[in-house]
Amino acid sequence: MTGYADYLFLLSPPQPVIDEVARYKKASAKHIGDFSSMNSNAHISVMTAERQKPYFAENTLNRLEQRLAIMPPILLHIDGFKYFEHLHNKKTIYAAIRNTPAVDDWFELMRKNLGIKKVFLPHVTVCRNISNEQFNTLWPHFRHKRWMEPFWANELVITRRETFEPFAKPQTVKRIVFRSNKGFVDTTDKADSNEQMNLF
């Protein structure tokens, strides 16, 4: 450990969702070659904390755990694909999380518990920071795909990697299970399909 570490707070979907996103990444790479998020596991990023002293950061995590553990799990729904536009003509294609009042309220509580000031849009990245040319090749394949799948977010996963070690891999340092049994369940569209979809 070089003295500083970067922490990522994330929600990890169940293995079938991770596998399905991996299939989309692999299918995309056949069309555009390698891209930056090609080998990362599917997840929903909640917060990053960069260049932290691990001793102080992990003391803070222990205090946060008490607040986060009393949150309830949340039922989320993947609902098709969308994209972000970035600077320098870059785009990111992602699996969208259905926006509902329950989901908004739950993430607002998460933001409050973690002290996050900026609003973020929960999503599962598929192809991150790709060029306009790559996007134009891929988007027609994603545009009309209907992938609808519910899954429970039952825990917050916190990973750590060394800040100044370019080849360091993130390691899981804490899993905080959401233990409350109250509220935040989105019960819309119970008939969502779980079937595996044809790719492109």
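Above this text sits the structure in question.
Conventions used here
- Residues numbered from 1 in each chain as written.
- Predicted model: local features only at pLDDT ≥ 70, side-chain atom pairs only at ≥ 80, totals over all residues.
- Heavy atoms only, no water.
- Pairing = 2+ DSSP bridges.
- Helix = DSSP H or I, 4+ residues; strand = E, 2+ residues; numbered from the N terminus.
- Buried < 20%, exposed > 50% of the residue type's maximum accessible area, 1.4 Å probe, protein only.
- Arc of directions from axis to C-beta.
- Contact = heavy atoms within 4.5 Å.
- Axes fitted to C-alpha atoms, helices over the stretch in contact; angles between N-to-C directions.
- Parallel < 35°, antiparallel > 145°, perpendicular 65-115°, else oblique.
- Left-handed = near helix turned anticlockwise from the far one by under 90°.
- Nonpolar A, V, L, I, M, F, W, Y, C, P; charged D, E, K, R; others polar.
- Expected span 1.5 Å × (residues − 1).

Visitor: Can you break down the pairing of strand β3 (residues 74-85) residue by residue, with the values?
Guide: As a general feature of sheets, a regular strand has side chains that alternate between the two faces. Here β3 runs beside strand β6 (residues 148-153); their pairing, made up of six bridges, is antiparallel. Residue Asp79 lies in a different strand from β6, and its bridge partner there is Met148. Hairpin geometry of β3 and strand β4 (residues 90-97) is characterised by an intervening segment of four residues between the two adjacent antiparallel strands and by a positive phi of about 60 degrees at His88.

Visitor: Go over helix α4 (residues 132-142), please, and point to the residues and values.
Guide: When α4 is considered as a whole, its buried residues turn out to be Gln134, Phe135, Leu138, Trp139 and Phe142. All buried residues of α4 fall inside an arc of 115 degrees around its axis, so they share one side. When the buried face of α4 is taken as reference, the exposed residues oriented beyond 90 degrees from it are Glu133, Asn136 and Pro140. Buried residues along α4 sit against α1 (15-32), β3, β4 and β5 (123-131).

Visitor: Quick one: what's the story with the packing of helix α2 (residues 54-68) against helix α3 (residues 101-114), residue by residue and with numbers?
Guide: For the pair α2 and α3, the least separation of the axes is 10 Å and the interaxial angle reads 150 degrees. Considered as vectors, α2 and α3 are oriented roughly antiparallel to each other. Handedness of the α2/α3 crossing: right-handed. Each of Leu64, Arg67 and Leu68 in α2 lies in contact with α3, whose residues at this interface are Met110, Asn113 and Leu114. Along the lines of polarity and charge, the residues of the contact of α2 with α3 split into four nonpolar, one polar and one charged.

Visitor: Run through α1, naming residues and quoting values.
Guide: Compared with the 26 Å implied by 1.5 Å per residue over 18 residues, the 25 Å span of α1 between its first and last C-alpha is a close match. Where α1 is concerned, the buried positions are Val17, Ile18, Glu20, Val21, Tyr24, Lys25, Ala27, Ser28, Ala29 and Ile32. Taken together, the buried residues of α1 touch β3, β5, α4 and β6. Among the residues trailing α1, Gly33 stands out with phi positive, at a value near 80 degrees.

Shape descriptors only; they carry no functional weight alone.
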